[in-house]
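Per-entry structural report
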Amino acid sequence: MAAIATVPNYTPSLWVRLCHAIPRLDLTLQTRNSVFTPDSWEYQQTLLVLSSFSAIALVLSLLVILSFLIYYCCCRRGEGGRDAEEEEEDDDASGGQGYSGRKGRGICCVTWVSVAAVTLCCVAIGIGFYGNSEANDGMYQLTSSFLTANYTLASINLLVSDTMAGLQQSVSGPLTSMEEVFGGHKPALVPTRSCRRLSERVVSLLSNLTLGRGLIPITDGFYRANGSESIVGALTPAPPSVAPTLSPSANNIPAPFSPGWAANTLMVNEDYRWLSYVLLLLLDLVVCFFILLGLAKQARWLLILMTVLAWLALFLSWGSLGLETATVVALSDFCFDPNTFVLNSTHFNSRTSTEVLDYYLTCDRKMSSPFQQILTQSQRALSSIHSHLSSLERDALPRFPKAEKSLREVQQILNATEGNFHQLVALLNCRGLNKDYVDSLKGLCYDGMEGLLFLSLYSFLSALAFTAILCSLPGAWRSFHSDSEEYEDSDSESEDPFTSHQARRQTATGSQRGALPHFYSYQGAGWTPPFSSAPPLPTPNVSSNGSPGYENLPLSDRQSPPPSYSTLPAC
């Protein structure tokens, strides 16, 4: 039967159609179709080619980072010697406070690039948390639908097994006793044997609704229940075919699909997936936080440590992007036409006919149930058994009162069987299982697809952010003062407590430019000391011997040199 591509109450989303329309190339760069066939090596090659784009992007990122490292390590070293004079003049102009000039502007630019990259990474982390939550919601809806379908199928198996066990009990117990009681009385013996044949007929018909593992066949076509195995046996996504064939346990024959097993497996894997993404997001968040802290504190060792972690985050981001790309494309291929894969997959139809699968996947009102004939024949057989028991109760019991107990037991079993049969008819209707199927598709193809797309965007943005961070961080922490420089500054401060930091900086700069005149080398009457911002002193009177006359000047206007350490009083 041709696959029906439409599912009631489900249409592929825009993202599914866009991702499904992506061209596919195999390893030989030949075009392939977009049909979801995960077991095909050609289809797996197309996914590998799409995933390889993230590897190419990783190589490009490494080349960009390497070029920036070469620039910082080699080119800036030569520029540093040529621009030292200009940086010193800029420092003098700024009064020794902070950075100004080319070096200050370079440090400011590198710092702001790092801050912008960290901000982009934080935005990507927020997108990642949202995408991880959406993907988890989709998987939760998928597993819930699987568990609901598994409960429905288990209920079908339980009702079938209970009905068959009750009829078998009536055949082997009360009906056999009634035949012994009636003996050679032919008018009573014929209806009793008809009840036996009809009960065996119903058992034979209902056996076509079981999987062959819930009930163990014995001799003469009779069955017995296998305890809990009749409830938790292997279940197919829809009731089995009208005439199933028990597959031998061979390694080359795929096992039938079980929604209960699939739900448990998906829940375990989803827990690991969710936790892995949370840890990755927390790693990115910690790296971004400590990078900002290192830039604020100018802690070189902290930035070096965060650079190493940023390398790890970069590789993880590009790697996760490759996995997410392949997963998104494969999921879009499945969600574009899910019925085709389900109908053609041997894991689903190994014990289920295509007609039954098509009935439950589409649930078209124009289609009749494939179990309609079995259910009709079983209902007629049960009605006939009721008629025979009524005739026996009316005609045979007055003559054979010993058969009354056995007859009541058969009637009681038949009433319970009819109750189970009505529940079985309701459960075999396509509406319940089709709703579970549609809910699973919506959870996987709507929320799950949206979550994977947001996770892909997170991986791409975080990879770009960490590339920019690794390009800018070496220039940032190389511009910071090292611990040895800070130690030398502290030693110089401890040598002369009366000299300010600005004066020491100017003195060091002046020593590199050349020897300055001595403090006591006066150039004239209006000479002012170097590096002094005080106004010029008034011209003193010159005495007859040529020495300046300071006697007539007030003490505050005299140019007396500062006291030396040798003239200070001892403490």
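Further up the page is the structure itself.
The structure reproduced in this document is the subject of the present report. Within every chain, residues take consecutive numbers counted from 1 along the sequence as written. The predicted nature of this model means local features are confined to residues of pLDDT at least 70 and side-chain atom pairs, given and counted, to a pLDDT of 80 or more, with totals for whole chains, interfaces and linings taken over all residues. Note that the side-chain values use all heavy atoms of the structure and ignore hydrogens as well as water.

Regarding the state of the cysteines
Applicable threshold: Count a disulfide wherever a pair of cysteine sulfur atoms falls within 2.5 Å. What counts as a helix is a DSSP run of H or I of at least four residues, what counts as a strand is a run of E of at least two, and both are numbered from the N terminus.
For the structure on display, the rule yields 2 disulfides. A sulfur-sulfur distance of 1.9 Å marks the disulfide that ties C335 to C445. Across the S-S bond linking C335 and C445, the dihedral sits near -85 degrees, which makes this disulfide left-handed. With C335 in helix α9 (residues 300–336) and C445 in helix α15 (residues 430–478), the pair connects residues that are 110 residues apart, well separated along the chain. A sulfur-sulfur distance of 2.1 Å marks the disulfide that ties C363 to C430. As the torsion about the S-S bond is roughly 60 degrees, the C363-C430 disulfide counts as right-handed. With a gap of 67 residues between them, C363 in the loop between α12 (354–362) and α13 (372–395) and C430 in helix α15 connect regions that are remote in the sequence.

Quick notes on the environment of F68
What counts is decided by this rule: The buried label goes to any residue with under 20% of its type's maximum accessible area, the exposed label to any with over 50%, and the partly exposed label to all in between, with areas taken from a 1.4 Å probe on protein chains only.
Within the secondary structure layout, F68 lies in helix α2 (residues 41–82). In this structure F68 comes out as partly exposed when scored by relative accessible area, which is 36%. Expressed as a C-alpha distance, the spacing of F68 and L470, which sit 402 residues apart in the sequence, is 8.9 Å.

Some points on the side chain of T417
How we decide: Between N or O atoms, a polar contact is any pair within 3.5 Å; within protein, one atom must be a potential hydrogen donor and the other a potential acceptor, and residues adjacent in sequence are included only when both atoms are from side chains. Here, residues are in contact when the closest pair of their heavy atoms is within 4.5 Å.
Mapped onto the elements, T417 comes out in helix α14 (residues 404–427). By relative accessible area, which is 3% here, T417 ends up buried. Reaching out from T417, the side chain makes a polar contact with the backbone oxygen of I413 at a distance of 2.7 Å. T417 has contacts with T163, L167 and L382, leaving out every residue within four places of it along the chain.

Description of the nonpolar core
In plain terms, the rule: We call a set of buried residues a nonpolar core when its members are Ala, Val, Leu, Ile, Met, Phe, Trp, Tyr or Cys and they connect through side-chain atoms within 4.5 Å of each other.
Ranked by internal contacts, the top residues of the largest apolar core, which has 41 residues, are F182, Y360, L389, L424 and L428. Every element with two or more residues in this core is listed here: α4 (101–172), α5 (174–182), α6 (186–206), α12, α13, α14 and α15. Per-element accounting of this core gives the leading share, 8 residues, to α4. The next biggest cluster of nonpolar side chains, apart from the first, holds 34 residues, and it includes V16, A263, A330 and L343.

With respect to α5
Counted only if it meets this: Arc definition: it is the arc formed by the directions from the helix axis to the C-beta atoms.
The complete set of buried residues in α5 reads P174, L175, M178, E179 and F182. Looking straight down α5, one finds its buried side chains confined to an arc of 140 degrees; they lie on one side.

Quick notes on the pattern of salt bridges
Operational definition: Each salt bridge in this description consists of a side-chain nitrogen of Lys or Arg and a carboxyl oxygen of Asp or Glu lying within 4 Å of one another.
For the structure on display, the rule yields 8 salt bridges. With a closest N to O distance of 3.1 Å, R196 and E179 form a salt bridge. One end of the pair, R196, is in helix α6; the other, E179, is in helix α5, and 17 residues separate them in sequence. According to the relative accessible area criterion, E179 is buried, its value standing at 18%. K435 serves as the salt-bridge partner of D439, at 3.0 Å between the closest nitrogen and oxygen. In this pair, D439 and K435 both sit in helix α15, 4 residues apart, roughly one turn of the helix.

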